[in-house]
Amino acid sequence: AEPVADQAAFPFGASVARADGGDSRGLVAASCTPSSSTTWLAGGRTEIGSSALLVLRNPGSTAASVTITAWGPTGGLAVGGGTILVPAQSESVQVLEALVPQVDKLVLRVDSVGGQVSAVVQTSALTGLTPAGTDLVVPTLAPMTDQVIPGVVLTTSTLEDPDPSAVRLLNAGTEPATVHLSLLGPDSVVNLTDEVGVIVEAGAVSDVSLAGAPPGNYALHVVSDQPVVAGAELVRVGLPAPEDPDVPVADRAWLPAVEPAHSSAIALPGLGSLVDGAALVLANPGDAVAQVQLSAIGSDGAMLEVAEVSVPAGLSLSLDVTQIEQAGAELTALVVSSSEPVSSAITLTYGEALGQLIAVVTATLDPQVERSATVRVTLS
């Protein structure tokens, strides 16, 4: 997409797929990911019953040499296979069960030289013969001390849930990190950790259960005294499948942290056909009220203003996107313009006979908006 005059092009998109049965039963959705020299992926497992495929795509005109760094619960992992060459305008798929086997909590960093690549992890799981969910793990933010994961839509759960929704954290540094987690709701903040917080040891990956958290539409706020990588997993447990009447089916969605922005957009694939529910979550982690203007892009390409809402400081706001569609706009995308930076995502659902299917599409930031950059200087 080429710029026009002095205006940068703002391309964005997303994909969605749904399977109502079989080993890959689930709802899968993801925003299109830009190519990059460094990508962080927080999610997935390679233990028995789980599959994780790292998909590397090189849209450029030169070959890219890719190196994978992996962490698990006990620290850095030895990654087999060495450097991966991804030819220009091609795709390479790596089976992570072969590269980093038997890891139940996984975080990856993908570095490329010679060309930039886009990277996602395709995940799926089985409990015996019963499908236990499938999704795409898309890039999350680089390690930082304050970040937001929007789209955390929780249903009723108990502390005894064997397969709960959870937050995944990596401390890639050399000092232990103290992490505080909270859910930003529309009226209040739900603290998930006490004043002591959660300790994540240096080089380790840790999952923090969300079991027992009150149901609702939230954004997860992650604050740490050391830079960490963060993601979240939403789990929906349904009814037993005919293949095994003793084991319920499940679906899951992996969510990345999303940088707050004044201007962003979210594509809405499959609304009204592959999905029947869509909840937009706008999170305002700042100290001032955010005035947010929502515009809809229809199937004819026309843009229509549909709502203007206020998101209180330190809270979030959720809107039913299907209601916007019923108001007259045939939605293919939403454009978010805000007076204060907000993080946004849309949680997609489908009410399948055995239980709800779930996936999340995150916002793409407007490249025209000036952004700051973090520069780290190492003295040697």
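Up top is the structure these notes are about.
What counts, and at which threshold
Residues numbered from 1 in each chain as written. Predicted model: local features only at pLDDT ≥ 70, side-chain atom pairs only at ≥ 80, totals over all residues. Heavy atoms only, no water. 1 Å grid on protein atoms, 1.4 Å probe; cavity = no way out; pocket = protein on both sides within 12 Å on 5 of 7 lines; lining within 4 Å. Points joined across faces, edges and corners; volume = space filled by probe spheres on them. Helix = DSSP H or I, 4+ residues; strand = E, 2+ residues; numbered from the N terminus. Nonpolar A, V, L, I, M, F, W, Y, C, P; charged D, E, K, R; others polar. Buried < 20%, exposed > 50% of the residue type's maximum accessible area, 1.4 Å probe, protein only. Phe/Tyr/Trp six-rings, centres within 6.5 Å; stacked < 30°, edge-to-face > 60°. Polar contact = N/O pair within 3.5 Å; in protein donor to acceptor, adjacent residues only side chain to side chain. Contact = heavy atoms within 4.5 Å. Core = buried A, V, L, I, M, F, W, Y, C linked by side-chain atoms within 4.5 Å. Pairing = 2+ DSSP bridges. Axes fitted to C-alpha atoms, helices over the stretch in contact; angles between N-to-C directions. Salt bridge = Lys/Arg side-chain N within 4 Å of Asp/Glu carboxyl O.

### Looking at the layout of surface pockets
Alright, step 1. Considering only enclosed or pocket space, the second largest pocket measures out at about 690 Å³ in volume.
Alright, step 2. Forming the walls of the second largest pocket are 39 residues, and the residues nearest its centre are Asp163, Val235, Val237, Ala250 and Arg252.
Alright, step 3. Within the residue set of the lining of the second largest pocket, elements represented by two or more residues are β4 (50–58), β10 (118–127), β11 (130–137), β18 (216–241), β19 (244–256) and β26 (355–362).
Alright, step 4. Examining the composition of the lining of the second largest pocket, we find that six residues originate from one element, β19, more than from any other.
Alright, step 5. Across the lining of the second largest pocket, the residue classes tally to 18 nonpolar, 15 polar and six charged.

### Some points on unusual backbone geometry
Alright, step 1. The backbone phi angle of Ala5 is positive, close to 55°, even though this residue is not glycine.
Alright, step 2. By secondary structure assignment, the location of Ala5 is in the segment before β1 (14–19).
Alright, step 3. Given the relative accessible area of 78%, Ala5 is considered exposed.
Alright, step 4. For Gln89, which is not glycine, the phi torsion reads 50° and is therefore positive.

### A closer look at the packing of aromatic side chains
Alright, step 1. For the structure on display, the rule yields two aromatic pairs.
Alright, step 2. Ring geometry for Phe10 and Phe12: centres 5.5 Å apart, planes at 50°, overall tilted.
Alright, step 3. Residue class for Phe12 comes out partly exposed when judged on its relative accessible area of 29%.
Alright, step 4. Judged by centre distance (5.5 Å) and plane angle (20°), the rings of Trp40 and Trp71 are stacked. With a gap of 31 residues between them, Trp40 in strand β3 (residues 38–42) and Trp71 in strand β5 (residues 64–72) connect regions that are remote in the sequence.
Alright, step 5. For Trp71, a relative accessible area of 9% puts it in the buried group.

### Looking at the side chain of Arg252
Alright, step 1. Topologically, Arg252 is positioned in strand β19.
Alright, step 2. Classification of Arg252 by relative accessible area gives buried; the value is 7%.
Alright, step 3. In terms of polar contacts, Arg252 uses its side chain to reach the backbone carbonyl oxygen of Ala132, at 2.7 Å.
Alright, step 4. A polar contact is formed between the side chain of Arg252 and the side chain of Glu233, at a distance of 2.7 Å.
Alright, step 5. In contact with Arg252, other than residues within four places in its own chain, are Arg45, Ala132, Gly133, Thr134, Asp135, Asp163, Glu233, Leu234, Val235 and Ile358.

### A few points about the nonpolar core
Here is a general trend for soluble globular proteins: nonpolar side chains tend to be buried in one another's company.
Alright, step 1. One finds Val292, Val321, Ile346 and Leu348 to be the most contacted residues of the largest nonpolar core, which totals 30 residues.
Alright, step 2. Counting only elements with at least two residues in this core, the list comes to β2 (26–31), β21 (277–284), β22 (290–298), β23 (303–311), α2 (321–326), β25 (331–352) and β26.
Alright, step 3. The greatest single-element share of this core, amounting to seven residues, is contributed by β25.
Alright, step 4. Sequence-distant contacts of Leu348, that is, excluding residues within four places in its chain, are made with Leu27, Ala29, Leu268, Pro269, Val275, Gly277, Ala278, Leu357, Ile358, Ala359 and Val361.

### Description of the sheet that holds strand β8 (residues 90–95)
Alright, step 1. Here four strands make up an open sheet; going across it, the order is β8-β4-β10-β11 and the pairing antiparallel. The sheet is open, and its two edges are formed by β8 and β11, each paired on a single side. Averaged over neighbouring strand pairs, the angle between their axes works out to 15° when direction is ignored.
Alright, step 2. The sheet contact formed by β4 and β8 spans six bridges and is antiparallel. Counterpart to Leu54 in the pairing with β8 is Gln94.

### What to know about the pattern of salt bridges
Alright, step 1. For the structure shown, the criterion picks out nine salt bridges.
Alright, step 2. Here Arg45 ties to Glu233 by a salt bridge, and the two come within 2.7 Å at their closest N and O atoms. On the criterion of sequence distance, the pair formed by Arg45 in the loop between β3 and β4 and Glu233 in strand β18 is long-range, its members being 188 residues apart. Glu233 shares its class with Arg45; the two are buried.
Alright, step 3. Where Arg252 meets Asp163, a salt bridge forms, and the shortest distance between an N and an O atom there is 2.7 Å. With Arg252 in strand β19 and Asp163 in the loop between β12 (144–154) and β13 (166–170), the pair connects residues that are 89 residues apart, well separated along the chain.
Alright, step 4. In this structure Asp163 comes out as partly exposed when scored by relative accessible area, which is 27%.
Alright, step 5. Overlapping salt bridges bring together Arg45, Asp163, Glu233 and Arg252 as one network.

These results come straight from atomic positions and should not be treated as a statement about function.
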